[in-house]
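# Residue-level structural notes
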Amino acid sequence: MTIIIQLKTMDHIKKRFEEKARVQVAELKKLVAEHADKKIGEVTIGSVLSGMKGTVSLLTDTSKLDPDEGIRFRGYSIPELQKLLPKAQPEGEPLPEGLFYLMLLGELPGKADVDFLSKEWSARAELPDYVYKLIDAFPVQTRPMVQFSSAILSMASDSRFMSAYLDGLGKQDHWDSTYEDVMDLIARLPRIAAYIYRRTYHDSKHIDPDNSLDWAANLAHMMGFDNYEVHRLLRLYMFLHADHEGGNVSAHTTHLVGSALSNPYYAYGAGMTGLAGPLHGFANQEVIRWMFNMIEEIGPACEDKDKIRKYVMKTLEEGKVIPGYGHAVLRKTDPRFTAQLEFGRKYLPDDPWLITMTCLYEVVPEVLGSISKIKNPWPNVDAGSGVLLLHYGIKEFDFYTVLFGVSRALGVLSQLLWDRAYGLPIERPTSQPLEWFKKQAGM
Ligand code: CMX
């Protein structure tokens, strides 16, 4: 009965999701019923104590990361999607709406699907008044990620999933109100991000949305950047940062917290507190801070690569990491870095920061590669993003992780919707004390 009533009011994307979920839920049930005992790997003491890297322990459909090749979204690489996903302008970057559609449904969208999402998200973007009040209550110098995560969590009290749950929603219908929360939440993020940006750096001179624009361009517009170049850059940015399979801290946290049936605001808000760590999304700010410090100390970097080498060594000797380099899974240059480098070479080839970034790309891997414990000396996504933002005037680098967070919602929330459709159980791995590990090792 519930399902028939809902089908009548479903938009075409929700309806398609419901059809797909029916098929995939049946497949998952069959898999568990018939093959639960099948071994798929081994867990060693090393795997537990190295952060479970390489241990398959999550089901994630939206994207898959290959150590050598990089990310594929539902099987498609970044260069493939730059050709295949709908764009606002023929020579521009893919619209992030299209990537969301692909991650959610596993099918390439048409332009009409993407236009539908742009309109739908515009229509759902209005923020409850208390969100503005909450943000305004923070001292103005409060870190942007603190303001951002708090604003997201504050909306949990309006969660449609939560009220439906309290009204007695059955497990088979959990996905339905989750879909509504996910769409509301994604729609609202540009408003929240832009509000924090204008409040923090532009004396709270806020800019109304332009609902004729797509999701990423509207964010640029509300931040105060109303030119095609910044619209194009933010489309690229929102496309590249959206998802990186299930095990990274922001995705895994969203999934884990969601597994307790915490609503999407709680789950994604928790994911954002993980993104705020310097080894994860905060690295995009650290890259610029580190580069500024380097230039201050050694002068224009590319004039003497030996000076760069020495500066890198000094950072390492001080016990710090080189931000933007290394990765827990990747073993080659991150194709998200490559996409940003190509964008830079095409549109801002003479930018001094781009030139510095290129020099670092020549020197840092060579230095890190000479240190045996470092498994991947190559740049990750964060090595390239800040330089592009700087070029177009988005200079407030302590805001950059918020932009990463807005984009990351597309991946982690489409996966959360699948988690609900599958009815995945609460996550509860087992822990053991050190004594237990020593005993296993015969120590
Ligand atoms: N600079 C200095 N040391 C590094 C390093 C780097 N860029 N990358 C790895 N290492 C060190 C690790 O700190 C570790 O040292 P200890 O054994 O002394 O603790 C050792 O090399 C082995 O690390 P690893 O197995 O190669 O890498 P991890 O999976 O442990 O960590 C990552 C991966 C990304 C946290 C790490 O490479 C790093 O700290 N990079 C710099 C921060 C960064 O750019 N993070 C963003 C990643 C992408 C994202 O999520 O946004």
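Keep in mind that what you see is a predicted model, and the values were worked out from it rather than measured.

What counts and what doesn't
- Residues numbered from 1 in each chain as written.
- Predicted model: local features only at pLDDT ≥ 70, side-chain atom pairs only at ≥ 80, totals over all residues.
- Heavy atoms only, no water.
- Helix = DSSP H or I, 4+ residues; strand = E, 2+ residues; numbered from the N terminus.
- Domains from an automatic or database assignment.
- Buried area = accessible area lost by both parts, 1.4 Å probe.
- Salt bridge = Lys/Arg side-chain N within 4 Å of Asp/Glu carboxyl O.
- Polar contact = N/O pair within 3.5 Å; in protein donor to acceptor, adjacent residues only side chain to side chain.
- Nonpolar A, V, L, I, M, F, W, Y, C, P; charged D, E, K, R; others polar.
- Pairing = 2+ DSSP bridges.
- Buried < 20%, exposed > 50% of the residue type's maximum accessible area, 1.4 Å probe, protein only.
- Near = heavy atom within 4 Å.
- Areas by Shrake-Rupley, 256 points an atom, 1.4 Å probe, with all protein chains shown as cover.
- Expected span 1.5 Å × (residues − 1).
- Bend = angle between axes of the 7 residues up to and from the residue.
- Contact = heavy atoms within 4.5 Å.

What follows concerns the environment of P300. Its place among the elements puts P300 in the loop between α15 (283-298) and α16 (305-317). Once the C-alpha coordinates of P300 and W353 are considered, the two residues, 53 residues apart in sequence, prove to be 9.7 Å apart.

Domain assignment breaks the protein chain into domain 1 (121-279 + 397-422) and domain 2 (283-391). Interface area for domain 1 against domain 2, summed over the two sides, is near 1800 Å², with a carbon-plus-sulfur share of 68%. Together, L240, F397 and Y400 form the three largest contributors to the area buried by domain 1 at its contact with domain 2, with a combined 34%. The interface formed by domain 1 and domain 2 holds zero salt bridges in total. Our enumeration of links across domain 1 and domain 2 arrives at six residue pairs in polar contact (both at pLDDT 80 or more). Ranked by residues supplied to the side of domain 1 that touches domain 2, first place goes to helix α12 (residues 228-240) with six residues. Of the residues contributing to the side of domain 1 that touches domain 2, the split by class is eleven nonpolar, four polar and three charged.

A sheet is described by the order of its strands in space; here three strands give the open sequence β1-β2-β3, paired in antiparallel fashion. The two strands at the open ends of the sheet, each matched to only one other strand, are β1 (63-66) and β3 (76-77). Summarising the sheet, strand β2 (residues 70-73) and β3 pair through two bridges and their orientation is antiparallel. When the bridges of β3 are listed, R72 appears paired with S77.

Mapping S47 onto the fold places it in helix α3 (residues 45-49). For S47, a relative accessible area of 8% puts it in the buried group. For the pair S47 and D173, spaced 126 residues apart in sequence, the C-alpha separation works out to 37 Å.

The environment of the ligand is made up of 20 residues, and the closest members are H280, G324, Y325, K375 and D382. Here a nitrogen atom of the ligand sits 2.8 Å away from a polar atom, N or O, in the main chain of L279. Y325 is positioned such that a nitrogen or oxygen atom in its backbone is 2.8 Å from a nitrogen atom of the ligand. Alone, the ligand offers 880 Å² of accessible surface; in the complex the protein occludes 76% of this. Here the residues of the shell around the ligand sort into eleven nonpolar, five polar and four charged.

Across its 18 residues, helix α18 (residues 352-369) extends 26 Å between first and last C-alpha, which sits within 8% of the 26 Å expected from 1.5 Å per residue. The axis of α18 is deflected most strongly, by about 30 degrees, at Y361, and proline P365 appears within four residues downstream. At its buried positions, α18 is contacted by α15, α16, α17 (335-347) and α19 (382-391). Two to three positions downstream of the cap, the backbone nitrogen of W353 sits 2.7 Å from a side-chain oxygen, assigning the N-cap of α18 to D351.

What follows is about the pattern of salt bridges. Per the counting criterion, the structure on display carries 31 salt bridges. Between D176 and K14 there is a salt bridge, with the nearest N and O atoms lying 3.0 Å from each other. With D176 in helix α10 (residues 174-201) and K14 in helix α2 (residues 12-35), this residue pair connects regions lying 162 residues apart in the sequence. The pair formed by D176 and K14 is uniform in burial state, with each residue classed as buried. Close ionic contact of K332 with D68 constitutes a salt bridge, the shortest N to O distance being 3.8 Å. Separated by 264 residues along the polypeptide, K332 in the loop between α16 and α17 and D68 in the loop between β1 and β2 bring together distant segments of the chain. Among the residues examined, K332 registers a relative accessible area of 43% and is labelled partly exposed.

Attention now goes to the environment of E93. Note on placement: E93 falls in the loop between α4 (78-84) and α5 (96-105). Judged by its relative accessible area of 11%, E93 is buried. In the structure, E93 is positioned 108 residues away from Y201 in sequence and 28 Å away in space, judged by C-alpha atoms. Among residues more than four places away in sequence, those in contact with E93 are Q82, K87, A88, R232, R235, L236 and F343. Of the polar contacts made by the side chain of E93, one reaches the side chain of Q82; its length is 3.2 Å.

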